[in-house]
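Structural description and commentary
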Amino acid sequence: MAATLTRTVALVTGASSGIGAATARRLAENGAFVALVARRKDRLEDLAAEIVKAGGTAMVVAADITDRLQAEGTVQQVLERFGRLDTLVNNAGLMLLGPVVGADAEEWDRMIAINVQGLLYTTRAALPHLLQAAEQGPRQVADIVNIGSYAGRVASKGFGVYNLTKFGVNGFTESLRQEVTQRHVRVGVLEPGAVESELGTHNKPEIRSEMIDPYFQGTEVLAAEDIDDGVAYMVTRPRHAAVGELWIMPTEQG
């Protein structure tokens, strides 16, 4: 793929594994300077070294974006290093399933904090600089890609609180898109389904066996690298073309 993002800067949250790491690699291959954001610094440093070895540029920001001050500090560090911000990929996420009554309320709090608050805090901190990039940047456009889920459109038994967070991400994305699209900040949501990643590994074994594993049966499960294609598609399109919503679903096997 051509280096269509040369001289641009991308910030990717949840970059320590899965879709976030794959997306960071792909954006770097396209010529972007990439800021890798997550709590696990060791993994970020390994990924940064990999990107640099391949000829790209990356920086590491170890931060918890569910803390508003850390989210704001993350954006400030990126600006201090690169002087600009053109693309934000809100990828950090957590999927915890189970009944609304009887589940661990602290787990719900943690998931809501990551899936909703973290996305909101990072977006608020980044948006003024994305608006500036759309006016003065090399591509005269900026992008926000929120990584959602099929659970943002389709409700399922036991997915209640996860549905709540992902439906919320979709609504926030659409509202923000209407606010800034005329100023050439493109806002879109990418909604994958049945992706093999760490997203659902924090569930209890009985939840995995009852609710997650059956969904994967009869399905050719997607890999994180299948999703980074979608992100690259959304952010490398011509300035006048935006993708508001993109589904990436596996093919069902008969």
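Scroll up to find the structure this text is about.
To start, this report covers the structure provided alongside it.

Topic: the packing of helix α3 (residues 68-82) against helix α4 (residues 105-136)
Axis separation between α3 and α4 bottoms out at 8 Å; the angle between their running directions is 35°. Where α3 crosses over α4, the two elements pack in a sense that is right-handed. Side by side, α3 and α4 meet where Arg68, Ala71, Glu72, Val75 and Leu79 of the first sit next to Tyr121, Thr122, Ala125, Ala126 and His129 of the second. Taken together, the residues of the contact of α3 with α4 break down into 6 nonpolar, 2 polar and 2 charged.

Here's the deal with the sheet that holds strand β6 (residues 185-192)
If you walk across this open sheet you meet the 7 strands as β3-β2-β1-β4-β5-β6-β7, and the pairing is parallel. Two strands in the sheet have a free side with no partner beyond their single neighbour: β3 (57-62) and β7 (245-248). For this sheet the average axis-to-axis angle between neighbouring strands, irrespective of direction, equals 15°. Relative to β6, strand β5 (residues 142-147) runs parallel, the two being bridged by 6 bridges. Pairing of isoleucine 147 across the sheet is with leucine 190, part of β6. Contacts from helix α2 (residues 41-53) reach β2 (33-38) and β3, with the element oriented near 175° to β3.

Focus on a nonpolar patch on the surface
A surface patch of nonpolar side chains, amounting to about 240 Å² of accessible area, comprises Val154, Trp247 and Met249. Locating valine 154 in the fold gives a position in the loop between β5 and α5 (160-180).

Considerations on the side chain of aspartate 143
Along the polypeptide, aspartate 143 turns up in strand β5. For aspartate 143, the residues in contact, after removing those within four places along its chain, are Asp86, Thr87, Leu88, Leu130, Arg186, Met234 and Val235.

A short note on the packing of helix α1 (residues 18-29) against α2
Contact geometry of α1 with α2 gives a least axis separation of 10 Å together with a crossing angle of 25°. Judged on the interaxial angle alone, α2 and α1 are roughly parallel. At the point where α1 passes α2, the crossing takes the right-handed sense. Together, Ala21, Ala24, Arg25 and Ala28 of α1 and Leu47, Glu50 and Ile51 of α2 make up the contact between the two elements.

The rules behind each value
- Residues numbered from 1 in each chain as written.
- Predicted model: local features only at pLDDT ≥ 70, side-chain atom pairs only at ≥ 80, totals over all residues.
- Heavy atoms only, no water.
- Axes fitted to C-alpha atoms, helices over the stretch in contact; angles between N-to-C directions.
- Helix = DSSP H or I, 4+ residues; strand = E, 2+ residues; numbered from the N terminus.
- Left-handed = near helix turned anticlockwise from the far one by under 90°.
- Contact = heavy atoms within 4.5 Å.
- Nonpolar A, V, L, I, M, F, W, Y, C, P; charged D, E, K, R; others polar.
- Pairing = 2+ DSSP bridges.
- Patch = residues over 30% accessible without salt bridge, like charges linked within 9 Å, V, L, I, M, F, W, Y side chains within 5 Å.
- Areas by Shrake-Rupley, 256 points an atom, 1.4 Å probe, with all protein chains shown as cover.
- Salt bridge = Lys/Arg side-chain N within 4 Å of Asp/Glu carboxyl O.
- Parallel < 35°, antiparallel > 145°, perpendicular 65-115°, else oblique.

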